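# A look at the structure
These are the residues of each chain, in order.
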Amino acid sequence: MTLVFDDVSKHYPDGTAALNGVSLTIPKGQFCVILGPSGAGKSTLLRCVNGLVQPCRGRVLIDKVAVDASSLKTIRPTVGMIHQGFNLVSRSSVAANVISGALPKVGAMRALSGVFPQTYRRKACELVRDVGLSELHLKRRVSELSGGQQQRVGIARAFMLDPAVILADEPVASLDPQTSADILALLAREANTRGSTVLCSLHQIDLALKFADRIVAMRAGAIAFDGAPRELTAEVLERIYGAPNVTRLAGRARP
Amino acid sequence: MSLSVVELRASAQWHFPRPYGWKTALAVMVVFAILIFTGHRVEMDRAAVLTGQAIGIAAGAGGESQVAKGFTAVVGKLFPLQLDERTDIDRIAGFDPRDLPPLAHVETEQTSTRTLNPETLKLDMVVSHKQVLVQPFGYVIRVAEKMFETWEIALWGTFLAIIAGLPLALLGARNLTPAPWIRFASRTLVSLLRAMPELITALFLVLAYGFGPIAGVLALAVHSAGFLGKFYAEDIENADPKPQEALTAIGVSRFKMFRFAILPQVMPQYIAYTFYILDRNVRMATVIGLVGAGGIGQELKGRYDMYNYGHVGTILVAIFLLVVILDQLSSRLRSTRL
């Protein structure tokens with residue numbers, strides 16, 4: 001599914017301008033990483049796609065369908081989301097968290113009983129295996145898992161309905177570098193097998209370079225750079241983040 | 001003054017912020033003033049004096065104390081507890097001395113009464129004998145049955161309170177009901193229910209439903225629904241919003257979101273509240289029996305009015321035991337993995 005941002009602006013009531021006329025077209029199946037300092041508008045950009053934020057001006061189109069109040073009900077189940085804080089129910093089991101990703105397609109009475117149709121139960125098991133967890137994890141509470149394992153659960157939940165678009169809002173912000181790389185590799189692989197378009201905000205430049213098909217960098221609510229990973233030079237990074245930074249440049253130097 | 005100028009001062013000269021200021025002092029003074037004013041009005045000063053005297057006597061200091069006398073009298077009357085059931089044989093229809101209930105035996109009771117002799121106009125002592133059937137622990141069994149009935153009233157009062165309180169909580173929680181007027185209506189109803197004291201509600205319900213447990217159950221349900229409706233709603237609003245956002249993002253309806261993102265979070269608290277209400281309802285069920293709404297309270301009132309303080313003592317001990325046992329059970333249940 002092609003994702004189009006058409007001159008999107010968002011001003012919050014407190015006066016901050018999170019987005020200033022952003023226009024962007026992301027073709028189907030692309031892994032697009034959004035870089036930029038905190039407060040640059042990355043989260044707001046992502047949240048405009050599934051209507052968690054309503055733009056003040058402009059619109060977002062998913063396969064030529066505008067995201068608005070009337071289309072939201074049909075659009076949201078096709079857009080998976082992976083969150084910085086995992087956003088799982090920590091007291092619930094892995095199984096319950098993963099299968100809750102199928103809730104939009106399940107009737108209210110079925111949801112109340114907590115017994116999902118066989119197809120979704122099978123799908124949940126398949127996904128838990130695909131993200132690298134075992135059958136033994138199904139009954140475990142999420143609070144008993146490590147951060148990396150929790151984000152694996154988050155990814156499994158996001159893919160329950162085979163979404164056409166995946167929004168990942170700093171999915172590895174609280175994880176160590178090795179786990180971060182594993183999680184992003186997993187996300188890229190799962191998205192690739194389904195042809196899902198990924199919009200992923202990140203703070204780790206080395207990971208962006210490694211996994212992105214395309215990097216969009218934002219600064220103060222506007223796009224400051226848009227191109228292939230190899231085009232992201234030290235000068236560009238200095239322009240985005242303000243000051244030259246040794247660790248970021250070290251990231252750039254990686255193969 | 002710019003920040004950099006301040007930073008130039010050596011940290012040894014900095015003022016560490018004081019934890020308490022004049023606002024705290026003022027608040028403490030206001031609280032004290034309120035307590036002193038109201039304390040005098042509710043005779044807390046006199047209570048302190050009277051209690052002090054009683055403690056002085058108990059410690060062997062001597063003197064007079066109305067409170068100590070009162071306590072001694074009450075405790076003296078409650079004990080020994082009434083354990084057996086004594087029934088006048090004349091009042092048992094078709095009594096067969098060869099077919100007694102298990103453990104029961106027949107005793108002859110001698111009672112002497114002073115009566116005015118109409119001929120001599122003097123007080124004579126008349127001694128009369130009567131046969132009574134004595135069932136050891138007969139009264140304990142009767143109290144146990146009544147206690148069980150009391151618990152049943154409390155259980156159903158609590159159950160109906162959950163059935164009514166949970167929907168009201170869902171309609172009164174900001175994150176589940178965006179329409180402000182529905183929320184307002186629900187919250188107002190919940191406050192109204194909570195404001196209705198069981199004893200008064202029971203009094204009216206006894207008029208409508210007659211004497212017996214129905215009035216008791218409904219009276220407890222009305223008040224507890226108000227309590228649960230408020231506390232369930234508060235927990236829904238205080239639940240971690242992150243999982244809720246995750247489900248909202250993929251288009252899950254609010255009801256399903258409650259079931260999967262909120263209910264698992266609030267479950268331990270809900271169980272705690274519900275057990276607290278059950279515990280409270282058991283105690284309240286004993287009280288509302290006083291107005292005829294069934295249970296041990298009806299028995300308690302009857303015995304109290306007949307000056308059978310031994311029976312009253314047995315009932316009070318039974319209530320105490322039931323509350324302790326339920327408390328133990330609920331804390332056991334709460335500590336298990338839920």
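Residues numbered from 1 in each chain as written. Chains lettered and ligands numbered in written order. Predicted model: local features only at pLDDT ≥ 70, side-chain atom pairs only at ≥ 80, totals over all residues.

A tally of helices and strands in chain B yields 12 helices and three strands. By the compact-globule yardstick of 20 Å for 338 residues, chain B is too spread out, its C-alpha radius of gyration being 30 Å. Across its three principal axes, chain B shows a C-alpha extent of roughly 110 × 60 × 40 Å. For chain B, the proportion of its 338 residues judged to be buried stands at 30%. Within chain B, contacts between residues separated by at least 24 positions form 68% of all contacts whose residues are at least 6 apart in sequence. (Helix = DSSP H or I, 4+ residues; strand = E, 2+ residues; numbered from the N terminus. Rg over C-alpha atoms; globule rule 2.2 N^0.38 Å. Buried ≥ 20, exposed ≤ 12 C-beta atoms within 10 Å, placed from the backbone. Contact = placed C-beta atoms within 7 Å.)

Let us now look at the overall build of chain A. For chain A, the count of helices and strands is 10 helices and 10 strands. In terms of overall size, chain A behaves like a compact globule, its C-alpha atoms giving a radius of gyration of 18 Å where 255 residues would be expected to give roughly 18 Å. Principal-axis analysis of the C-alpha atoms places the extent of chain A at approximately 55 × 40 × 35 Å. The buried share among the 255 residues of chain A stands at 43%. Looking at chain A alone, contacts between residues at least 24 apart form 71% of all its contacts between residues at least 6 apart.

A separate point is the interface of chain B and chain A. Facing 17 residues of chain B, the contacting portion of chain A comprises 21 residues. Among the secondary structure elements, those contributing two or more residues to the side of chain B that touches chain A are helix 9 (241–249) and helix 10 (254–288) of chain B. If you tally residues by element for the side of chain B that touches chain A, the top one is helix 10 of chain B, at seven residues.

Residues and elements named next belong to chain A. Read across the sheet, six strands follow the order 6-7-8-3-9-10 without closing on themselves; strand pairing throughout is mixed. Each end of this open sheet is capped by a strand with a single partner; those strands are strand 6 (79–82) and strand 10 (222–227). Averaged over all pairs of adjacent strands, the angle between strand axes in this sheet comes to 20°, irrespective of strand direction. As judged from the five bridges shared by strand 9 (residues 214–219) and strand 10, these two strands associate in the antiparallel manner. (Pairing = 2+ DSSP bridges. Axes fitted to C-alpha atoms, helices over the stretch in contact; angles between N-to-C directions.)

Turning our attention to the domain arrangement of chain B. The assigned domain composition of chain B is domain 1 (20–77), domain 2 (85–136) and domain 3 (139–335). Relative to domain 3 of chain B, the C-alpha centre of domain 1 of chain B lies at a distance of 33 Å. (Domains from an automatic or database assignment.)

All names here are of chain B. Spatially, the three strands line up as an open sheet ordered 1-3-2, and their pairing is antiparallel. The sheet is open, and its two edges are formed by strand 1 (85–88) and strand 2 (105–116), each paired on a single side. The average undirected angle you get between the axes of adjacent strands in this sheet is 40°. Both strand 1 and strand 3 (residues 123–135) contribute to a ladder of four bridges, which runs antiparallel. Bridge assignment links Glu85 to a residue of strand 3, and that residue is Gln135.

Among the residues of helix 9 of chain B, those classed as buried are B:Pro243, B:Gln244, B:Ala246, B:Leu247, B:Thr248 and B:Ala249. The inward-facing, buried residues of helix 9 of chain B abut strand 6 of chain A together with helix 10 of chain B.

A few words now on the confidence of the model for chain A. Scored by pLDDT, chain A comes out at a mean of 90, with 95% of its residues at no less than 70. For the stretch residues 246–255 of chain A, pLDDT sits under 50, and the model shows 11 contacts to residues farther than four places along the chain or on other chains. (pLDDT = per-residue confidence, 0-100.)

Residues and elements named next belong to chain B. For chain B, per-residue confidence averages 87 on the pLDDT scale, and residues scoring 70 or more make up 96% of the total. Mean pLDDT per element in chain B: helix 1 (residues 3–7) is the minimum at 53, and helix 6 (residues 180–194) is the maximum at 96. Across the interfaces of the predicted complex, the ipTM metric reaches 0.90, alongside a pTM of 0.80.

What follows concerns unusual backbone geometry. With an omega of 0°, the peptide bond between B:Phe79 and B:Pro80 qualifies as cis. Locating B:Pro80 in the fold gives a position in the loop between helix 4 (66–78) and strand 1. We note that A:Asn87 has phi near 50°; this positive angle belongs to a residue other than glycine. Among the residues examined, A:Asn87 registers 23 C-beta atoms within 10 Å and is labelled buried.

What follows deals with the nonpolar core. Among the nonpolar cores identified, the biggest contains 132 residues, and A:Val49, A:Val98, A:Val165, A:Leu167, A:Leu199 and B:Ala219 are the most heavily contacted of them. A per-element tally of this core places helix 10 of chain B first, with 15 residues. (Core = buried A, V, L, I, M, F, W, Y, C linked by C-beta atoms within 7 Å.)

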